[in-house]
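Letter by letter, the chains look like this.
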Amino acid sequence: MKRFLLFPFTVVLLLAACGGPAAPTPTAPLPEATAPFPAATPADQTGYPAPTQPALPESYPAAPESAPTLPAGYPGGEVWVVRPAGLQCESPGPYADLKAAVAALEEAGVAVLQPETINLAVCSACGCPTSEHFRVKIDPAGLATALALGWQQE
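Q: What is the right way to look at the pattern of salt bridges in this model?
A: Oppositely charged side chains can form a pair if their charged atoms are brought close together. A complete count under the given rule lists two salt bridges for this structure. Arg135 is the partner of Glu154 in a salt bridge, and the nearest nitrogen-oxygen pair spans 2.7 Å. Of this pair, Glu154 sits in the segment after β4 (152–153) while Arg135 sits in strand β3 (residues 132–138), and the two are 19 residues apart along the sequence. What makes Arg135 buried here is its relative accessible area of 18%.

Q: Any chance you could explain the state of the cysteines here in plain terms?
A: By definition, a disulfide is the covalent link that joins the sulfur atoms of two cysteine residues. For the structure on display, the rule yields two disulfides. Residue Cys89 pairs covalently with Cys126 via a disulfide, S to S 2.0 Å. Classification of the bridge connecting Cys89 and Cys126 rests on its S-S torsion, roughly -65°, and on that basis the disulfide is left-handed. One end of the pair, Cys89, is in the loop between β1 (79–84) and α2 (98–107); the other, Cys126, is in the loop between β2 (112–119) and β3, and 37 residues separate them in sequence. Taking relative accessible area as the criterion, Cys89 reaches 60% and is therefore assigned exposed. Using a relative accessible area of 58% as the deciding quantity, one classes Cys126 as exposed. Each sulfur in the disulfide pair Cys123 and Cys128 lies 1.6 Å from the other. Between Cys123 and Cys128 the sulfur-sulfur dihedral comes to about -115°; the bridge is accordingly left-handed. For Cys128, a relative accessible area of 11% translates into the label buried. Ordinal numbering of bonded cysteines along the protein defines a disulfide pattern of 1-3, 2-4.

Q: How should I be thinking about the nonpolar core in this particular structure?
A: Among soluble globular proteins, nonpolar side chains are generally buried collectively. Within the largest apolar cluster, 16 residues are counted, with the highest numbers of intra-cluster contacts made by Val81, Leu105, Phe134, Val136, Ile138, Ala146 and Trp151. Elements with a minimum of two residues in this core: β1, α2, β3 and α3 (143–148). Top element by residues in this core is α2. It accounts for four residues. Filtering out sequence-adjacent residues up to four positions away, Leu105 remains in contact with Val110, Val112, Val136, Ala146, Leu149 and Trp151.

Conventions used here
Residues numbered from 1 in each chain as written. Predicted model: local features only at pLDDT ≥ 70, side-chain atom pairs only at ≥ 80, totals over all residues. Heavy atoms only, no water. Salt bridge = Lys/Arg side-chain N within 4 Å of Asp/Glu carboxyl O. Helix = DSSP H or I, 4+ residues; strand = E, 2+ residues; numbered from the N terminus. Buried < 20%, exposed > 50% of the residue type's maximum accessible area, 1.4 Å probe, protein only. Disulfide = S-S within 2.5 Å. Core = buried A, V, L, I, M, F, W, Y, C linked by side-chain atoms within 4.5 Å. Contact = heavy atoms within 4.5 Å.

Shown next, in the form of structure tokens:
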């Protein structure tokens, strides 16, 4: 008897859940008053209004000519640069050890603050850098010189 009542109940439940037409979607255009942007605003190619610069009060101080730089050795004002000690399956790199790498940087006029050797995870194939890398904390003023010497900013 329970099975006899369960089947019609299930059929009615499925028909109620799946039946009936979906509500119609509105296709009428929005009235002009509810448009997202006013028509008089100049727009770029994407249809968004052009960005505007807010007007500053006359008493507002002028922006500095350039951003201030921190003095050499100031905590947080340093830059770390890194260079692999060599390439796998090839002869060692241009520097035999960390002392030689630091000497080359100092000879080029880069203020070296803290040199160290680290091991990084690298690929295991010929031509990939070795896991041993020279890592040196330098003054930001010497970053361009270090990059020209083949170092990479960390």
